[in-house]
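Residues per chain are reported as follows:
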Amino acid sequence: MIAHDSLLFLTFAFYGQATRLLVKKPFCFEEATISDIQEAFNNGSLNSSLLVKHYLDQIRALNPHLNAVLEVNPDAIADAAKADLQRNAGGNLSPLHGIPILVKDNINTYDKLNTTSGSFALLGSIVPRDAGVIQRLRKVGAIILGKASMSEWDNFRSLDPKQGWSPRGGQGRNPYPTTDGPCGTSSGSAIAVAANLVTVSLGTDLDGAITCPAVMNSVVGIKPTVGLTSRSGMVPISPRLQTIGPMARTMADAVILLDVIVGFDPLDANATKEASRFIPIDGFQKSLKEDGLKGKRLGIVRHSFSNDYSKGSIEANKFEMHFQTMRLKGAILVDNIELKNVEIMQNVFASGEATALLAEFKLSLNAYLKDLVSSPVRSLADIIAFNNQHPIEERMKEYGQIIFLASQQTNGIGDAENIAMKRMAQLSKEGMEDLIREKSLDAVVFPGSSLSHSMAIGGFPIISVPAGYNKSGAPFGISFAGLWGSDATLIEIAYAFEKATKVRKPPPLI
Ligand SMILES: *[C@@H]1O[C@H](CO)[C@@H](O)[C@H](O)[C@H]1NC(C)=O
Ligand SMILES: *[C@@H]1O[C@H](CO)[C@@H](O)[C@H](O)[C@H]1NC(C)=O
Ligand SMILES: *[C@@H]1O[C@H](CO)[C@@H](O)[C@H](O)[C@H]1NC(C)=O
Ligand SMILES: *[C@@H]1O[C@H](CO)[C@@H](O)[C@H](O)[C@H]1NC(C)=O
Ligand SMILES: *[C@@H]1O[C@H](CO)[C@@H](O)[C@H](O)[C@H]1NC(C)=O
């Protein structure tokens, strides 16, 4: 009996059953999952209003240090009260109903919040409508808590800006002890979830922009197959390769969010129609199976592990333990696999990625700016001029804007860009596609977000989950990637891995 009961109960047991019922444990917000929150909603110990107020208090207390949040939604409390009324009225509600979500600052919200990609150039612009994914979130009663900070312009302004820095947000900080920062570009989305400033968040990814901050801040990041989630209403780099995805403390929370945001959007019709065949009829939550590793063939990209971590290091030892755990859970490990041309794929200039992105950025950003109801800037040229006029805020001396300038020089999709895209397709075919088919793999496994470029050029999905903490207490992670539409399989693998290893610990108190 003693083994099963809380200390609280032991203290009061003496007074018998009646007293025991009076002892109500307060809801524990730290590390609360969506299912914890829904249970507390149902048993009456919590409502959305209290939950939103709690997170707003946390943001007020911790954000001055973390710089994870650019703006909070002035209507969040009213939206929460509305959700509470709807819940009290009963009915069948989404698991995201009444759950607060933080949204990366490059995703349009048609409300009082600004959408600026971290830049003052877009401050005051008015978006025409909610982004496709935001429409889906509002429809199920999720609460937009605010905008998350990010690396300005998704790091597409200059070659070596500080990850997680933007003029509007300052420097985002990793809540764990590390000198390496939060990584980017979805830095605020990762920090906020890691530090319990919100339940879940949205990031966007092209080249590791979800997965890198996920592993650095010890959270889960899902980069879905390109097209699985709509990119309408996103400040773009390349709709051909970019995707919007969930960030969360657990796989289950991330997948609950994923299930809501996937699907066809007439404003991103081609890609979302094409990818909608990858959405399971019963949703992705069906893939949250504890035995999800059983029978899975996992290709270990060994050189990637040994490049990043020396033999005998805490990280290397931990990864060996994880491989052992995967085997124990029934996975078949195919070791020492090699991605053909990996050095070329990891080099944006050699792969053709840079050539294509420079042209696509100008086209898609100008189209985005044109679609705004009103805006201080209407073209990439305007933004370049804005930066020149605001050299202090934009740290022009330090970072410059060489990528913007190179992009401005481009002239649409011509021969060079078509050749670059063909090259990327060829590299992906001879790399990931042939490898996965030849070895009959369900996924490839690599440390952190180390192979994100190789996956980016194919638009392949990746899931990153926490894998451990090093001697200094800095988090590291592990990633599972597969071919287009392998999202459900990757979820099975990553969820089973998470359940078997239970790595994540909240950051030390700041
Ligand atoms: C209600 O559920 C939450 C979440 O599981 C739990 O922490 C809390 O103790 C429960 N409260 C009551 C009164 O049952
Ligand atoms: C939420 O719960 C608190 C505390 O029980 C209560 O005071 C408040 O009225 C509730 N809000 C709504 C909108 O139901
Ligand atoms: C959006 O930006 C404007 C201009 O700086 C500011 O007045 C407003 O408060 C911002 N909105 C929110 C919700 O912070
Ligand atoms: C969508 O596909 C159609 C038919 O292939 C094509 O004509 C159109 O240009 C595509 N639209 C976009 C935005 O790529
Ligand atoms: C732990 O990892 C961080 C990077 O996240 C690095 O800065 C630090 O030096 C590492 N500490 C040790 C002891 O390896």
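Residues numbered from 1 in each chain as written. Chains lettered and ligands numbered in written order. Predicted model: local features only at pLDDT ≥ 70, side-chain atom pairs only at ≥ 80, totals over all residues. Heavy atoms only, no water.

Looking at an unreviewed UniProt entry, one finds the protein named Amidase domain-containing protein and attributed to Dendrobium thyrsiflorum.

With that out of the way, let us pick up the side chain of Thr204. Its location among the elements puts Thr204 in strand 6 (residues 200-205). Classification of Thr204 as buried rests on a relative accessible area of 1%. Among the polar contacts made by the side chain of Thr204, one reaches the side chain of Lys104 at a distance of 2.7 Å. When sequence neighbours within four positions are dropped, the list of residues in contact with Thr204 reads Lys104, Asn106, Ile107, Asp154, Thr185, Ser186, Ala209, Ile210, Met234, Gln242, Thr243 and Ile244. (Helix = DSSP H or I, 4+ residues; strand = E, 2+ residues; numbered from the N terminus. Buried < 20%, exposed > 50% of the residue type's maximum accessible area, 1.4 Å probe, protein only. Polar contact = N/O pair within 3.5 Å; in protein donor to acceptor, adjacent residues only side chain to side chain. Contact = heavy atoms within 4.5 Å.)

For the structure on display, the rule yields 22 salt bridges. The salt bridge partner of Arg138 is Asp111, with a shortest N-O separation of 2.9 Å. Highlighted residues: Arg138 in helix 6 (residues 132-139) and Asp111 in the loop between strand 2 (100-104) and helix 6, separated in sequence by 27 residues. In this structure Asp111 comes out as partly exposed when scored by relative accessible area, which is 26%. Between Glu492 and Lys296 there is a salt bridge whose closest N-O contact spans 2.6 Å. Linking Glu492 in helix 21 (residues 487-501) with Lys296 in the loop between helix 10 (269-275) and strand 9 (297-300), this pair joins segments that are 196 residues apart in sequence. On the accessibility criterion, Lys296 (10% relative accessible area) is buried. Via salt bridges that share partners, Asp111, Asp130 and Arg138 belong to a single interconnected network. (Salt bridge = Lys/Arg side-chain N within 4 Å of Asp/Glu carboxyl O.)

In the region of ligand 2, the neighbouring residues are Asn47, Ser49, Leu50 and Asp84. Within the side chain of Asn47, one N or O atom sits 2.3 Å away from an oxygen atom of ligand 2. The class makeup of the residues in the shell around ligand 2 is one nonpolar, two polar and one charged. (Near = heavy atom within 4 Å. Nonpolar A, V, L, I, M, F, W, Y, C, P; charged D, E, K, R; others polar.)

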